[in-house]
Amino acid sequence: MQYQRLADEIHEVRSKSIKTIEDEVQSALTELNMPGALFDISVSTKLDEDSLILFENNGVHFGPKGYDQVEFFFSANPGENPKPLIKIASGGEVSRIMLAIKSILANYRQLPTLMFDEIDTGVSGEISQKMGDIMKQMSKKMQVFTITHLPQIAAKGESHYKVLKSQDNGNTITDMVKLNNDERVVEIATMLEGDKISASAVAHAKQLLN
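For every chain, the first residue of the written sequence is number 1, and numbering continues from 1 along that sequence. Restriction of local features to residues with pLDDT of at least 70 applies here, the model being predicted, together with a cutoff of 80 or more for giving and counting side-chain atom pairs; totals for whole chains, interfaces and linings are based on all residues. The basis for the side-chain values is all heavy atoms of the structure; hydrogens and waters are excluded.

1. Some remarks on the sheet that holds strand β5 (residues 83-84)
Piece 1. Reading across the sheet, the three strands line up as β1-β4-β5 and stay open at both edges, with antiparallel pairing between neighbours. If you trace the sheet from one side to the other, it starts and ends with β1 (38-44) and β5, each paired once.
Piece 2. Sheet analysis places strand β4 (residues 69-75) next to β5, joined by two bridges and oriented antiparallel. Bridging from a neighbouring strand, F74 pairs with K83 of β5.
Piece 3. We call two residues in contact when some of their heavy atoms are within 4.5 Å. Fitted lines through C-alpha atoms give the axes, limited to the stretch in contact for helices. The angle between two N-to-C directions lies from 0 to 180 degrees. In this description a helix means any DSSP run of H or I spanning at least four residues, a strand means any run of E spanning at least two, and both kinds are numbered starting from the N terminus. Helix-sheet contacts for helix α1 (residues 2-31) involve β1 and β4, and the interaxial angle to β1 is about 165°. Criterion used throughout: strands pair if DSSP finds at least two bridges between them.

Have a look at this one:
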């Protein structure tokens, strides 16, 4: 059966790749100020006596991506046993893990474009600076878009677009405008301080852009 053969091949590739991915994710998390984090990948199967697809001579549940049940386990602190990522990770931790995984996969898959939608949710200014550096590095191999509210990340981009909303006869209109250098300084200063920007915010914006 063709499905059985392909599922077996995918299982073998996954099993051989786990240690490499775990090590690379942990290395990336260290860069993102999580030096004590542990990241484990579990690959298991779910028994199904009625299944025609077999693993180690047992019928197993299967789907469009094979018969493996893949789950990520995570621990943020040394001494804690890794637990299912979906149950214990905070928003900021999930953001960093997601960026780490995508930055690693980008080294193996030649994607033309990658889009991050507020992947910096829940992270501090220091961490966002490092996240911006990783995305900047990724942009050397592909086109990277990121939607962000953090000036440290916005300042890393080669181009900066502002999304605007307006009302017209009761309808909401969304527009996107590319900012020139001066407009970009003002926008980043606004992201730093709010609508009433100070000279120090402008200076800080220029420093981030430089």
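2. Some details on a nonpolar patch on the surface
Piece 1. Exposure above 30% relative accessible area and the absence of a salt bridge qualify a residue for a patch, where like charges join within 9 Å and nonpolar side chains (Val, Leu, Ile, Met, Phe, Trp, Tyr) within 5 Å. Only the protein chains shown count as cover for residues, with accessible areas throughout obtained via the Shrake-Rupley method and a probe of 1.4 Å. For salt bridges, the criterion is a side-chain nitrogen of Lys or Arg within 4 Å of an Asp or Glu carboxyl oxygen. There is a patch of nonpolar side chains on the surface, built from M115, F145 and I147 and spanning about 280 Å² of accessible area.
Piece 2. Relative to the assigned elements, M115 resides in strand β6 (residues 113-117).
Piece 3. Think of it in three bands: with a 1.4 Å probe and only protein chains considered, a residue is buried below 20% of the maximum accessible area for its type, exposed above 50%, and partly exposed in between. In this structure M115 comes out as exposed when scored by relative accessible area, which is 51%.

3. Focus: the environment of V177
Piece 1. Considering the arrangement of structural elements, one finds V177 in strand β9 (residues 171-178).
Piece 2. Using a relative accessible area of 32% as the deciding quantity, one classes V177 as partly exposed.
Piece 3. Taking the C-alpha atoms as reference points, V177 and M98, separated by 79 residues in sequence, lie 28 Å from one another.
Piece 4. Not counting chain neighbours up to four residues away, the residues in contact with V177 comprise H160, Y161, K162 and L164.

4. Some details on the side chain of E22
Piece 1. Relative to the helices and strands, E22 is located in helix α1.
Piece 2. Not counting residues up to four positions away in its chain, the partners in contact with E22 are F39, D40 and I41.

5. Focus: the environment of D50
Piece 1. Inspection of the secondary structure puts D50 in the loop between β1 and β2 (54-55).
Piece 2. Residues D50 and H61, spaced 11 residues apart in sequence, show a C-alpha to C-alpha distance of 8.9 Å.

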